[in-house]
Amino acid sequence: MGNMRSLVKTLMVVLFLGWIFVWIMISTNLFKSKWTPKLSKYLNTTYFGPQGTNLVLLTVPMMFIAVLSCVYLHIQKKPTQPQREWKLKRIMGRVIMVMNPLGIVTATELTFSLLFVALLAWSLYNYLYLSYHVHLHNDDNAKIWQAKFRAFGLRIGYVGNICWAFLFFPVTRASTILPLVGLTSESSIKYHIWLGHVSNFCFLVHTVVFLIYWAMINKLMETFAWNPTYVPNLAGTIAMVIGIAMWVTSLPSFRRKKFEIFFYTHHLYGLYIVFYVIHVGDSWFCMILPNIFLFFIDRYLRFLQSTKRSRLVSARILPSDNLELTFSKTPGLHYTPTSILFLHVPSISKIQWHPFTITSSSNLEKDTLSVVIRRQGSWTQKLYTHLSSSIDSLEVSTEGPYGPNSFDVSRHNSLILVSGGSGITPFISVIRELISQSQNKSTKLPDVLLVCSFKHYHDLAFLDLIFPLDMSASDISRLNLRIEAYITREDKKPETTDDHRLLQTKWFKPQPLDSPISPVLGPNNFLWLGVVILSSFVMFLLLIGIVTRYYIYPVDHNTGSIYNFSYRGLWDMFLGSACIFISSSVVFLWRKKQNKEGDKEFKNQVQSVEFQTPTSSPGSWFHGHERELESVPYQSIVQATSVHFGSKPNLKKILLEAEGSEDVGVMVCGPRKMRHEVAKICSSGLAKNLHFEAISFNW
C-alpha cells in the first residue's frame with residue numbers, strides 16, 4: 001500500500017510540474033511561434049477545434065491530478081507524516097511576517113506568493129514583448145502609441161485570466177487537492193481573497209484602458225458591441241459590472257457592516273462566470289476550466305447533501321446565552337479537530353448557510369456531533385429565540401463537516417492553546433481528541449495549557465463543554481490539562497446570578513424526514529468522489545467532441561461561414577454542467593440506495609443522548625448556586641482552572657516560560673489582534689521551540 005501511495009504521489013508531482021511549466025511557457029514567443037503551430041496540428045482536431053491545445057495541456061493534467069488525489073486520500077485513510085516531512089512542514093510553516101492587510105504570513109505562503117507574483121510579472125513581460133516587438137495588432141489604423149496602449153490593456157487582461165486558473169480552488173470546500181499541500185478550504189479563504197483582488201484589479205485596468213482607447217479613436221460604442229464571430233465586448237462589460245459589485249461588497253469594511261449584502265451579491269458569481277466565458281471564448285475557458293469544474297462538482301454535491309434534514313437531538317442554552325446543538329451522526333462519519341459544519345434553518349432564512357465550529361470528537365463520540373453557536377448577529381439571534389421558545393422540533397439541514405485531512409497534536413511535548421471569547425470552541429475538539437488518544441496507553445500525550453480570555457464571568461460556562469458529561473475519572477486521568485482563564489471586564493466574581501443564567505437543555509422529537517449526518521457519498525467518500533470527477537470529465541470530453549465534430553465543424557468548413565464565437569463557450573458551459581449534474585446525481589443516488597438500510601436503522605431509533613444535566617447553573621463559577629461537583633467532568637474542570645479578574649493574559653510571558661520544554665505547539669483562535677500578537681512572539685526568535693498555528697474563521 002505504501003508503494004502505491006508513493007507511485008500516485010510521484011505521478012501527481014510530475015503532472016503538476018508539467019502543468020506549471022506550460023503556464024510559464026505559454027506567454028513566450030517560443031511557445032507562440034514554434035510550439036503552438038506544431039501542437040495545433042495534432043491537438044486542434046475536428047473533435048475539439050481551436051480549444052484542443054489548451055484542453056490537453058491545461059485542463060486534462062489538473063483533472064487527472066484531482067482524480068489521483070481522491071485515490072491518494074482514500075489509500076491514506078489514517079494520515080501519518082514521516083519525521084522528515086514533519087520537520088519540513090515545521091520549517092515551511094514558520095511565521096515570517098505579521099502585517100496588515102496580509103495578516104500572518106508563513107514561509108510557505110511567502111515563497112509561493114513570490115513565485116506566483118513572478119509568474120504574473122513574467123507573463124505580462126512576455127505578452128507585451130509579443131505585442132511590441134513581434135506583432136502589434138492595429139486593425140483600427142490607430143497611432144502606434146495608441147495601439148501599444150491598447151495592447152497593454154489586452155495583455156493585462158490575460159494576466160487576470162491566470163489568476164482565474166487558481167481562483168476557485170480555495171473555495172472548493174470538499175477539495176481533494178488542498179489537503180495534498182496541508183490546506184483546508186477554511187484556511188485558504190485568504191488566498192481566494194488575494195486572487196480576487198489581483199484579478200479584479202487586472203480586469204478593471206483592462207476595461208479602463210479599452211474605454212480610453214475607444215474614446216481616443218471615436219469608437220466608444222464598441223463597449224456595447226456583440227460580434228458573432230469574435231470577442232463580444234458587451235459580455236465583458238456586463239462581467240466587469242458584476243465583478244465590481246462583488247469586489248466592492250467583499251471589501252472588509254463593507255463586508256463586516258453589511259454582511260447580508262455581501263452574501264447575496266457574491267452569489268452573482270454564476271452570472272459572472274457565464275459572461276466572462278462568453279467574452280473570452282472556449283479556448284481561454286479551457287485554461288481555467290479545472291478549478292471551475294471541480295468547484296461546481298463540489299457545489300452540486302453540497303446541494304445534494306443539504307436536501308436531507310439532519311436529526312437534531314438536543315440544544316443546550318449556556319448561561320452565557322450561547323448555544324450547543326447536538327446532532328445524530330452515522331458512526332462512519334469521521335472528521336478531525338477544528339472542523340466546521342454549515343447549518344441552514346429554513347424557518348430563519350431560505351438561503352443562508354452559516355459555519356460553526358464542531359466541539360465533539362468523532363473518535364470519542366461515535367453517534368453524535370456537537371457545534372457551539374455564539375449569539376451574535378441577526379441570524380443567530382433568531383435561532384436563539386426559536387430554541388428558547390416552546391418548540392419540540394426544528395428543521396435543520398447541514399453541510400460538512402469540513403476540516404483538515406490530518407491533525408496530529410500528539411507529536412508535541414507541550415501544547416499551548418490561546419483563545420479569545422468563542423475562539424475556545426475549536427480547542428474543545430482538540431482536547432476531546434486528546435482524550436480519545438489517551439485510551440491507547442502507548443500514546444504519549446502532550447501537556448496542555450489552555451489560556452482563554454472572556455469579557456464576562458458568565459462566559460466561563462464555555463469551559464463546561466470541554467469534557468463530555470459521560471466521562472469517568474479513568475477516561476481523563478492521563479490528560480494533563482491546566483486552564484488559565486482571564487475575565488477582562490470584571491474585577492471580581494459576581495455575588496448573585498439571575499435565573500436566566502441557569503443552563504437549559506431542550507430535547508427534540510425525531511421527525512420522519514430526519515436523518516443522521518453522514519458523508520455525502522457514504523463510506524469510501526474519497527473513492528466515490530474520484531468516480532464522480534472522472535466520469536463527469538470523460539463524459540464532457542466525449543460530448544464536446546461529438547458536438548464539435550458533427551455540429552460546429554460542418555458549419556465552419558462546409559457552409560463557408562464561421563460558427564458563432566459566443567455559442568462555443570456556451571456549449572462548453574452547458575455540457576460541463578450537464579455532465580456534472582448527471583454523474584453526481586447517479587453516484588449520489590446509487591450510494592444513497594446502498595446506505596438506505598443503515599439510515600433506516602438510525603431513523604427507527606429514537607435516540608437520546610444521556611446528558612448528566614445539572615439541575616442548577618452549570619457555573620461552578622456562580623455564587624449562590626450549588627453545583628454537582630461529584631460529576632467528574634465538572635470537578636476536573638474546576639480543579640484545573642485558575643480564574644484571573646480585571647486583566648488580560650501576558651502572552652509573551654506565558655509563551656516564553658515554555659522555553660524549558662523541548663517542543664511546544666502553539667495554537668491561537670480569537671480576535672485578529674490576539675492572533676497577530678501570538679504570531680509575533682513565536683516568530684521573534686526568543687523561543688525557538690515554539691511552533692505556531694493560527695485558526696481563523698473570520699471571512
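Fair warning: this is a prediction, and the values are worked out from it, not measured in the lab.

Caption draft 1: Molecular detail of the confidence of the model for the chain. In the predicted model, the chain carries a mean pLDDT of 84, and 88% of its residues have values of at least 70. Confidence drops under pLDDT 50 across residues 606-618; counting only partners more than four residues distant or on other chains, this segment forms 41 contacts. Note on residues 623-630: pLDDT is under 50 here. Beyond four places in sequence and across chains, it has 23 contacts.

Caption draft 2: Seen up close, the packing of aromatic side chains. The final tally for this structure, using the stated rule, is 35 aromatic pairs. Seen in terms of ring centroids, Phe-259 and Phe-262 are 5.5 Å apart; in terms of plane orientation they differ by 55 degrees. Their pairing is tilted. Residue Phe-259 and its partner Phe-262 are located together in helix α10 (residues 259-266), separated by 3 residues, close to a single helical turn. Here Phe-259 falls in the partly exposed class, since its relative accessible area comes to 35%.

Caption draft 3: Broad picture of helix α16 (residues 565-594). Here α16 contains 30 residues, and its C-alpha end-to-end distance of 45 Å stays within 8% of the 44 Å for a straight helix at 1.5 Å per residue. Residue Asn-564 occupies the N-cap position of α16, its side-chain oxygen lying 2.9 Å from the main-chain nitrogen of Ser-566.

Caption draft 4: View of the environment of Leu-575. Within the secondary structure, Leu-575 is located in helix α16. The class of Leu-575 is buried, set by a relative accessible area of 6%. As for Leu-575 and Leu-542, which are separated by 33 residues in sequence, their C-alpha atoms are 10.0 Å apart. For Leu-575, the residues in contact, after removing those within four places along its chain, are Phe-540, Leu-543, Ile-544 and Val-547.

Caption draft 5: Region of interest: the environment of Ser-585. Examined against the element boundaries, Ser-585 turns out to sit in helix α16. Residues Ser-585 and Val-532 lie 53 residues apart in sequence; the distance between their C-alpha atoms is 9.1 Å. Discounting residues that sit within four places of it in the chain, Ser-585 has contacts with Tyr-300, Leu-304 and Ile-580. Within polar-contact distance, the side chain of Ser-585 engages the backbone oxygen of Phe-581 at 2.6 Å.

Caption draft 6: Up close: the pattern of salt bridges. Counted by the stated rule, this structure contains 10 salt bridges. In this structure, Glu-399 engages Arg-302 in a salt bridge whose closest nitrogen and oxygen atoms are separated by 3.3 Å. On the criterion of sequence distance, the pair formed by Glu-399 in strand β9 (residues 397-402) and Arg-302 in helix α12 (residues 282-306) is long-range, its members being 97 residues apart. Of the residues examined, Glu-399 reaches a relative accessible area of 2% and is grouped as buried. The exposure class of Arg-302 is buried, given its relative accessible area of 6%. Shared partners join several salt bridges into a network, and the residues in it are Arg-173, Asp-298, Arg-302 and Glu-399.

Caption draft 7: Representation of the side chain of Ser-566. Here Ser-566 is to be found in helix α16. On the accessibility criterion, Ser-566 (3% relative accessible area) is buried. With residues near it in sequence (within four places) discarded, Ser-566 still touches Trp-226, Pro-228, Pro-232 and Ile-278.

Caption draft 8: Layout of the nonpolar core. Core analysis: the biggest nonpolar cluster contains 86 residues, and Trp-164 and Ile-533 have the highest contact counts within it. No other element matches α12, which puts 13 residues into this core. The residues touching Ile-533, leaving out its near neighbours within four places in the chain, are Met-63, Ala-66, Val-67, Cys-70, Leu-294 and Ile-297. Within the second largest apolar cluster, 36 residues are counted, among which are Cys-452, Tyr-457, Leu-460 and Met-667.

Caption draft 9: Spotlight on a nonpolar patch on the surface. Nonpolar side chains collect at one region of the surface, where Leu-204, Val-208, Ile-212, Ile-244, Val-248 and Leu-251 lie side by side and expose about 400 Å² of accessible area between them. Within the residue set of the nonpolar patch, elements represented by two or more residues are α7 (189-216) and α8 (233-250). Locating Leu-204 in the fold gives a position in helix α7.

Caption draft 10: Representation of α7. Here α7 is 28 residues long and its end C-alpha atoms lie 40 Å apart, about the 40 Å a rise of 1.5 Å per residue gives. At the C-terminal side of α7, Asn-218 shows a positive phi close to 60 degrees.

Caption draft 11: Summary view of the sheet that holds strand β8 (residues 368-373). The strand order across the open sheet built from 4 strands is β8-β5-β4-β13, with neighbouring strands paired in antiparallel fashion. In this open sheet, the two strands that pair with only one neighbour each are β8 and β13 (504-507). Pairs of neighbouring strands in the sheet enclose a mean axial angle of 15 degrees, with direction left out of account. The sheet contact formed by strand β4 (residues 312-317) and strand β5 (residues 323-328) spans 5 bridges and is antiparallel. Its bridge partner being in β5, Leu-312 is matched across the sheet by Phe-327.

Caption draft 12: Highlighting a positive patch on the surface. Together, Arg-374, Lys-455, Arg-489, Lys-648 and Lys-673 make up a region of like positive charge exposed at the surface. For Lys-673, the position within the fold is in helix α20 (residues 672-683). Overall, the relative accessible area of 70% leaves Lys-673 in the exposed class.

What counts, and where the lines are drawn
Residues numbered from 1 in each chain as written. Predicted model: local features only at pLDDT ≥ 70, side-chain atom pairs only at ≥ 80, totals over all residues. Heavy atoms only, no water. pLDDT = per-residue confidence, 0-100. Contact = heavy atoms within 4.5 Å. Phe/Tyr/Trp six-rings, centres within 6.5 Å; stacked < 30°, edge-to-face > 60°. Helix = DSSP H or I, 4+ residues; strand = E, 2+ residues; numbered from the N terminus. Buried < 20%, exposed > 50% of the residue type's maximum accessible area, 1.4 Å probe, protein only. Expected span 1.5 Å × (residues − 1). Polar contact = N/O pair within 3.5 Å; in protein donor to acceptor, adjacent residues only side chain to side chain. Salt bridge = Lys/Arg side-chain N within 4 Å of Asp/Glu carboxyl O. Core = buried A, V, L, I, M, F, W, Y, C linked by side-chain atoms within 4.5 Å. Patch = residues over 30% accessible without salt bridge, like charges linked within 9 Å, V, L, I, M, F, W, Y side chains within 5 Å. Areas by Shrake-Rupley, 256 points an atom, 1.4 Å probe, with all protein chains shown as cover. Pairing = 2+ DSSP bridges. Axes fitted to C-alpha atoms, helices over the stretch in contact; angles between N-to-C directions. Lys, Arg positive; Asp, Glu negative; His and termini not counted. Charge placed at Lys NZ, Arg CZ, Asp CG, Glu CD.

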